[in-house]
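Geometric and topological summary
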Amino acid sequence: MVELLTKLPRQLITLAREIIKDIAGGEAYLVGGAVRDIIMGRATKDYDIVVRGLPAEALEARLAKLGQVSLVGKTFGVFKWQPDGWTGEAIDVALPRTEHVTSGTGQYRDFAVQSNAELPIEEDLARRDFTVNALAVNLATGGLIDPSGGQVDLKSKTLRTVGEPAVRFSEDLSRTLRGLRFACQLGFELEKQTWAAIQTHAERTATGTAGDGTCLVPREIVAREVLKALIANPPRALELLDESGFLSHLLPEVVAMKNCPQAPEFHSEGDVFKHTKLALEALSGEAWHKFFGDSKPSLNAIAATLLHDIGKPLTIKTPEIHGTNRIRTDGHDAVGAELVPQICERLKLTSYVDLVAGQIETETVRWLVEHHLLLLNDPKVLKPSTIYRYFLKNRKRGLELEQLIFADSWASLPPSKKPTANRLKSLRERLPEITAKLSHGKLKLLLSGTDIMKALKLPPGPKIGELLRALEEAQLDGRVKTRHQALNLLKSQRPS
């Protein structure tokens, strides 16, 4: 497998060989996810190196001569290394390690790590979670070390634990969620016994607590794995979270959408849960790219799409029970929005930051859910000030609202089963006429709050905000174009 070395940065190989130069029995291996990704032809930025034959002190000294180094944790024996001239992310360098469970509760990182410079690389790999991550490449010879059959699983696109799944997950329950995340990121199927063990351990992973009352798996870790899965493949993530049992423990509000009926004249796709899954599917694909190009949905948009209809089970009224003219969920947007902050707090969703998809902003997700029905009103008759306020004043948030509205529209199947996004298209047609009135993306008001208070002899307070919004609307509608016209307008609206 010498050809694997040709797929690595030449500088990385040179640096690794420099670490073990003149060391009898010294070996340097690239390990873990980077090896998996190289074999799969996937881009990778994270490089982990295991070095044999050098005690920790000697290894640290060698690394320090070649760049900046810090010890991540003496317990783990891992160095964070930024070599001189290396422009990539810092490289993790470690001695071979074994892990021994301490309490056996499955608590996150509830194991003792023992570093040993003379430990065979195969024993280091044996402690890892999944076979496709238990691979190593000798950076001197290019030889591939694969003691658990990771290559076979890569070829068959199978995710399988190293060793017995129940044992591996009971060592660290967070591995169950990592398994779901890898299945979404890699497009792999979970091996039968691995999948069964995830289902068995889901409740304990989601709700289990230690003797001191802390979560066995910290909420921040749960959030990280769930959000990474949703970013990678939103509908697949929802499917796996549901079928594994995680969804009922983490997001009962989403489970409640199952069997919640919708008016068939607007939603022939079925119940609210099916609609939500279709909405998540709409966050990629040909129609998405037609509207949004190569851009990916933000985490705010993904979360809002998942949660946009959680108010429907709480507001549903039917002809049979309530005597309505059809199935109705009036006010579900407002009711659902009220639930968002408690969900974000409960699951610590704001704790994870993705370099591309960004970070969950609770208030933004709440706002998106609250306003996802905005384009039920024909954009052709919306006031310019309304379009500006919701889609242009804060362009990032406005684009996220477009993304949510698109997903919701594309998942709302009429009896013809042919979805459209005509309302969003109409909105896009109106944006140029409004942006033409802006300066650097913002509307420059003819009067400031201070100007208004001085001219109208008003104290600071909510009324000033109301007058500023009235001025904003009048400018965008073209009713005022000068300061004099603006003052006359606001004088007519000041309180008596």
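Let me sum up the structure you'll find in this document.

Parameters and conventions
- Residues numbered from 1 in each chain as written.
- Predicted model: local features only at pLDDT ≥ 70, side-chain atom pairs only at ≥ 80, totals over all residues.
- Heavy atoms only, no water.
- Helix = DSSP H or I, 4+ residues; strand = E, 2+ residues; numbered from the N terminus.
- Buried < 20%, exposed > 50% of the residue type's maximum accessible area, 1.4 Å probe, protein only.
- Contact = heavy atoms within 4.5 Å.
- Areas by Shrake-Rupley, 256 points an atom, 1.4 Å probe, with all protein chains shown as cover.
- Arc of directions from axis to C-beta.
- 1 Å grid on protein atoms, 1.4 Å probe; cavity = no way out; pocket = protein on both sides within 12 Å on 5 of 7 lines; lining within 4 Å.
- Points joined across faces, edges and corners; volume = space filled by probe spheres on them.
- Axes fitted to C-alpha atoms, helices over the stretch in contact; angles between N-to-C directions.
- Parallel < 35°, antiparallel > 145°, perpendicular 65-115°, else oblique.
- Left-handed = near helix turned anticlockwise from the far one by under 90°.
- Salt bridge = Lys/Arg side-chain N within 4 Å of Asp/Glu carboxyl O.

Here's the deal with the overall build of the chain
Of the regular secondary structure elements, the chain holds 25 helices and 13 strands. With the principal axes as the frame, the chain shows a C-alpha extent of 90 × 55 × 45 Å. Expressed as a percentage of its 496 residues, the buried residues of the chain come to 50%. For the chain, long-range pairs separated by at least 24 residues make up 66% of all intrachain contacts whose partners lie at least 6 apart in sequence. Of the roughly 23,100 Å² of accessible surface on the chain, a fraction of 52% belongs to carbon and sulfur atoms.

Quick word on helix 23 (residues 449-456)
Along helix 23, the positions that sit buried rather than exposed are Gly449, Ile452 and Leu456. Buried residues in helix 23, looked at end-on, bunch into an arc of 60°, giving them a common side. In helix 23, those exposed residues whose orientation departs by more than 90 degrees from the buried face are Thr450 and Lys454. Elements that come into contact with the buried residues of helix 23 comprise helix 24 (462-477) and helix 25 (483-491). In the stretch just after helix 23, Lys457 is the one whose phi turns positive, near 55°.

Things to note about the layout of surface pockets
Any empty space left between the atoms is revealed when a probe the size of a water molecule rolls over them. One number sums up the size of the second largest pocket: a volume of about 760 Å³. Taken together, 30 residues form the lining of the second largest pocket, with Phe266, His267, Leu373, Leu376 and Ser412 sitting closest to its centre. Where the lining of the second largest pocket is concerned, the elements lending two or more residues are helix 21 (395-410) and helix 22 (422-435). For the lining of the second largest pocket, the element with the most residues is helix 21, which contributes 3 residues.

With respect to the packing of helix 13 (residues 272-281) against helix 15 (residues 299-307)
It is the contact of helix 13 with helix 15, at a shortest axis distance of 8 Å, that shows an interaxial angle of 160°. Judged by the angle between their axes, helix 13 and helix 15 are roughly antiparallel. Seen from above, helix 13 lies across helix 15 with right-handed handedness. On helix 15, the residues that touch Thr276, Ala279 and Leu280 of helix 13 are Ile302, Thr305 and Leu306.

As for the environment of Asp451
By the secondary structure assignment, Asp451 is in helix 23. In sequence terms Asp451 and Leu240 are 211 residues apart; their C-alpha atoms lie 57 Å from each other.

Some details on unusual backbone geometry
You will see that Lys417, though not glycine, has its phi angle at about 70°, which is positive. With respect to the helices and strands, the residue Lys417 is situated in the loop between helix 21 and helix 22. Phi at His440 is positive, roughly 55°, even though this residue is not glycine. Secondary-structure assignment places His440 in the loop between helix 22 and helix 23.

Some words on the side chain of Thr305
Here Thr305 lies in helix 15. Judged by relative accessible area, which is 0%, Thr305 ranks as buried. Residues in contact with Thr305, not counting those within four places in the same chain, are Thr276, Ala279, Leu280, Leu283, Leu404 and Ala407.

Regarding the pattern of salt bridges
Two side chains carrying opposite charge are able to pair once their charged atoms lie near each other. This structure, assessed with the given rule, holds 35 salt bridges. Among the salt bridges present, the one from Arg346 reaches Glu253, with a minimum N-O distance of 2.9 Å. Taken together, the residues span a long stretch of sequence, with Arg346 in helix 18 (residues 332-346) and Glu253 in helix 12 (residues 252-255) at a distance of 93 residues. Notably, a salt bridge pairs Glu402 with Arg395, separated by 3.0 Å at the nearest N-O pair. Among the residues examined, Glu402 registers a relative accessible area of 0% and is labelled buried. Look at the salt bridges and you will find they share partners, linking Glu189, Arg236, Glu239 and Lys277 into a network.

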